[in-house]
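Now for the letters of each chain:
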Amino acid sequence: MKINEAVTRFVALVKKVEAGTTARSENDLSANFAGCLQALGLSTVLDTRGSSGTRKRRDVLGYVRSEDADLVLPAEIVIESKKPNELSAYGTISEAVSSGSI
């Protein structure tokens, strides 16, 4: 799938989820976002290892080398799933992503 098709599909799903017109889950959002990274030529892993509690949230890991993805080594790109209340202290998602220490 080409990147513009993958992004269009992802954005359409986000709009449906926000509008409540689909029963698709956060896992579907993560999988579709991973499809965007794959369209860029990256290998991806949907990782639930860091989750706590009974409800697992998938983090999307992006790798340049497929061998690194196969071994789930440290990824070049990590998209960490967050609940809305975890972002409420920030004015924008950009602020939330850029806060804290690196």
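In this text the structure is predicted, and so the values were computed from the model without any measurement.

Asker: Looking at this structure, how should I read the nonpolar core?
Answerer: In terms of nonpolar packing, the biggest core is built from 5 residues, these being Ala6, Phe10, Leu13, Leu29 and Cys36. Within the residue set of this core, elements represented by two or more residues are helix H1 (3-19) and helix H2 (26-39). Per element, the largest residue contribution to this core is 3 residues, and it comes from H1. Excluding anything up to four places from it in sequence, alanine 6 contacts Met1, Gly35, Cys36 and Ala39.

Asker: Quick question: what am I supposed to make of H1 here?
Answerer: Quick reminder: α-helices carry 3.6 residues per turn. Residues three or four places apart thus point the same way. Relative to the 24 Å expected for 17 residues at 1.5 Å per residue, H1 spans 24 Å between its end C-alpha atoms, a close match to the ideal helical length. Taken together, the buried positions of H1 are Ala6, Phe10 and Leu13. Along H1, the residues classed as buried sweep out an arc of 65° about the axis, all on the same side. Away from the buried face of H1 by more than 90 degrees, exposed residues Asn4, Thr8, Lys15, Glu18 and Ala19 are located. Buried-residue contacts for H1 involve H2.

Asker: Is there a simple way to explain the pattern of salt bridges in this structure?
Answerer: Two side chains that carry opposite charge are able to pair once their charged atoms sit near each other. In total, this model carries 2 salt bridges according to the counting rule given. Among the salt bridges present, the one from arginine 24 reaches aspartate 28, with a minimum N-O distance of 3.5 Å. For arginine 24, a relative accessible area of 38% corresponds to the partly exposed category. When its relative accessible area of 24% is taken as the criterion, aspartate 28 is described as partly exposed.

Asker: I tried to follow unusual backbone geometry on my own but got confused; where do I start?
Answerer: Both trends apply: most residues other than glycine have a negative phi, and most peptide bonds are in trans. Phi at valine 72 takes a positive value of approximately 50°, unusual for a residue other than glycine. By secondary structure assignment, the location of valine 72 is in the loop between helix H3 (66-70) and strand S3 (77-79).

Asker: Explanation requested: the environment of glutamate 76 in the structure shown.
Answerer: Among the structural elements, glutamate 76 can be located in the loop between H3 and S3. For glutamate 76 and valine 64, which are 12 residues apart along the polypeptide, the C-alpha to C-alpha distance reads 7.1 Å. When sequence neighbours within four positions are dropped, the list of residues in contact with glutamate 76 reads Gly62, Tyr63, Val64 and Asp68. One polar contact links the side chain of glutamate 76 to the main-chain amide nitrogen of valine 64, over a distance of 3.0 Å.

Asker: Sorry if this is basic, but what is going on with the sheet that holds strand S2 (residues 59-63) here?
Answerer: Each strand in a sheet pairs with its neighbour through backbone hydrogen bonds, running either in the same direction (parallel) or in the opposite one (antiparallel). The strand order across the open sheet formed by 3 strands is S1-S2-S3, and the pairing between neighbours is antiparallel. The outermost strands of the open sheet, each flanked by one partner alone, are strand S1 (43-47) and S3. Geometrically, the sheet is characterised by an average inter-axis angle of 20° between neighbouring strands, direction not taken into account. Note that S2 and S3 share 3 bridges and pair antiparallel. Residue glycine 62 lies in a different strand from S3, and its bridge partner there is isoleucine 77.

Rules of the game
- Residues numbered from 1 in each chain as written.
- Predicted model: local features only at pLDDT ≥ 70, side-chain atom pairs only at ≥ 80, totals over all residues.
- Heavy atoms only, no water.
- Core = buried A, V, L, I, M, F, W, Y, C linked by side-chain atoms within 4.5 Å.
- Buried < 20%, exposed > 50% of the residue type's maximum accessible area, 1.4 Å probe, protein only.
- Helix = DSSP H or I, 4+ residues; strand = E, 2+ residues; numbered from the N terminus.
- Contact = heavy atoms within 4.5 Å.
- Expected span 1.5 Å × (residues − 1).
- Arc of directions from axis to C-beta.
- Salt bridge = Lys/Arg side-chain N within 4 Å of Asp/Glu carboxyl O.
- Polar contact = N/O pair within 3.5 Å; in protein donor to acceptor, adjacent residues only side chain to side chain.
- Pairing = 2+ DSSP bridges.
- Axes fitted to C-alpha atoms, helices over the stretch in contact; angles between N-to-C directions.

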